[in-house]
Each structure stands twice: as C-alpha cells, then as structure tokens.
Amino acid sequence: MTELRDWKPWFAAYDDPTSALASRLAVVRDGIRRALDEAAPGPIRVLYPCAGEGRDLVPIVASHPRRADVTARLVEFDPDIADVARHAASVAGLSDAVRVVTGDAADLSHYADFGPANLLLLCGIFGNISDADIANTVAHAAALTARGGTAIWTRHRKEPNLVPAINDWFAEAGFAKLWESDPALPESVYVAGHRQERDPAPLPGGEKLFTFIT
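Computed from a predicted model, the values in this text were never measured in an experiment.

> So what's going on with the overall build of the protein chain? Which residues, and what values?
Per the secondary structure count, the protein chain includes 5 helices and 7 strands. A compact globule built from 214 residues should have a C-alpha radius of gyration of about 17 Å, and the protein chain, at 16 Å, falls within 12% of that. Along the first, second and third principal axes, the C-alpha atoms of the protein chain reach 40 × 40 × 35 Å. When contacts within the protein chain are restricted to residue pairs at least 6 apart in sequence, those whose partners lie at least 24 apart make up 79%. Here the protein chain has roughly 9500 Å² of accessible surface; of this, 52% comes from carbon and sulfur atoms.

> Tell me about the pairing of strand E1 (residues 44-49), residues and numbers included.
Within E1, 5 of the 6 residues are buried, which leaves it mostly tucked inside the rest of the structure. Taken together, the 6 bridges between E1 and strand E2 (residues 70-76) define a ladder with parallel strand orientation. For Ile 44, the partnering residue across the bridge sits in E2 and is Val 70. Two strands pair when backbone bridges link them, and E1 and strand E4 (residues 117-122) are joined in this way by 2 bridges, in the parallel orientation.

> So what about the nonpolar core? Which residues, and what values?
It is characteristic of soluble globular proteins that their nonpolar side chains tend to be buried jointly. Grouped together as the largest cluster of nonpolar side chains are 33 residues, with contacts concentrated most on Tyr 111, Ile 125, Phe 126, Trp 153, Ile 166, Phe 170 and Phe 210. Elements with a contribution of two residues or more to this core: E4, helix H4 (131-144), strand E5 (145-154) and helix H5 (163-172). Dropping the residues within four chain positions of it, Tyr 111 is found in contact with Leu 47, Pro 49, Arg 73, Val 75, Ala 105, Leu 144, Leu 203 and Leu 209. In terms of nonpolar packing, the next biggest core, distinct from the first, is built from 29 residues, Leu 36, Ala 51, Ile 60 and Leu 119 among them.

> How would you sum up the pairing of strand E3 (residues 98-102)? Please name residues and give values.
By the bridge criterion, 5 bridges tie E2 to E3 in an arrangement that is parallel. Directly across from Ala 72, in E3, lies its bridge partner Val 98. Crossover handedness for the path E2 to helix H3 (residues 79-91) to E3: right-handed.

> Can you lay out the pattern of salt bridges for me, pointing to particular residues and giving the numbers?
Tallied over the full model, the rule gives 10 salt bridges. Linking Asp 30 and Arg 33 is a salt bridge whose minimum nitrogen-to-oxygen distance equals 2.8 Å. Linking Asp 30 with Arg 33, this pair stays in helix H1 (residues 20-38), spanning 3 residues, or about one helical turn. When its relative accessible area of 33% is taken as the criterion, Arg 33 is described as partly exposed. Here Lys 208 and Asp 104 are joined by a salt bridge, their closest N and O atoms 3.2 Å apart.

Reading guide: rules and limits
Residues numbered from 1 in each chain as written. Predicted model: local features only at pLDDT ≥ 70, side-chain atom pairs only at ≥ 80, totals over all residues. Heavy atoms only, no water. Helix = DSSP H or I, 4+ residues; strand = E, 2+ residues; numbered from the N terminus. Rg over C-alpha atoms; globule rule 2.2 N^0.38 Å. Contact = heavy atoms within 4.5 Å. Areas by Shrake-Rupley, 256 points an atom, 1.4 Å probe, with all protein chains shown as cover. Buried < 20%, exposed > 50% of the residue type's maximum accessible area, 1.4 Å probe, protein only. Pairing = 2+ DSSP bridges. Core = buried A, V, L, I, M, F, W, Y, C linked by side-chain atoms within 4.5 Å. Right-handed = clockwise from strand over helix to strand, strands pointing away. Salt bridge = Lys/Arg side-chain N within 4 Å of Asp/Glu carboxyl O.

Structural data, given as structure tokens:
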C-alpha cells in the first residue's frame, strides 16, 4: 500500500458541529443505531475497514441495549489513529468486544476468520479510491455481509456523481436499499444503508479490495 497523507488534521472537522463531516457522522450513527435495533437475536458481528478513530461506531455500541451482543473488528492503517480507536473502545468499556487491527484494510486476510458480518461499514472509503475499486469493493461486500445483514457506505455527490452507479452495484451484489441520507445535506455528504438478501458468497483469497489514491 502506498504511503498515505496525514489524516489526523482531517478528523478535526468532526469537532465542528457546522461541518459537513459532522453532518455525515450523525447520519452514519443513526444508521448504525438502526442496524443494531433491527438485528436478529443473537451475536452481532460488525466489520469496519478504514475505521479511523471509531467515532461513529464506538459511542453507539456503548449506549445501545444490544451492546453485549456486539463483536466488532475495526481495521485502520495509521497506527496513531488506530490507537485513538482502541482508547475510545477502552474508555467505553468495550475493549473485549471491539478489536482494532492496525493494517491495510484492503487486505482480505483481515476478515477471513471473522465474517460474514451482520453490519459492514464502508465509510470514508469510496471518495478516495478509483471507480473500479469501488465496484470491486461492493462486489466483495457480498462475501463480507451475512444474509439479512446491513452495509452502510458513504460518498460525495459531486460531479461526476457516482452514487447512482454505486447503488446499482449494491443491487447487483444482492443488496436491497433500506434508506439514504437527506438530499438537502451538502453535496459532500451521501450515506446509504442496504440489506443483503442472499447467502454470502465465498471470500476469495489473495485479492485486494482497493488502493487509496488520495
């Protein structure tokens, strides 16, 4: 994986309640809460590639009635950012339930012993990889998401707007759209949730999901 830019200053926008990133965070959190509310009884596996600081997932799991059912695997390339996510999980009392892996989130070997997940979070990825890699990641989401599980993803709506194509790719992968974010939000914000309606496909080996290009 190529060397990435320093993402730490980017996370500062989360602390500005007027920022587009803060608006996106609120929508993703609502989607996570809804997915946990609607999950079938029993264990809930959450898979989060490119998890960043875990700001969207950790607080919702910590306060949710189903928290004892959740086991999550977060994968983050930047070791300092991964440490922030580990600390957040520890403070929330979720160290045993939330495992943060420092590594390349595009490497499928991080998921082979964990999935398929009941909740797959593809947030902060699709705006930073090629169109072909987005399509490849969505196709692999069919192997990473359990039947009845939810996938939540984010992308901007700036031109050329790839959102309609991404929705089509999810449909081709066996997902039905559940909801999408308010179109009145800034064009830098789009969030959608989809439910997998098929049994998961086998997870291929030796492949990468994507390569960051920003």
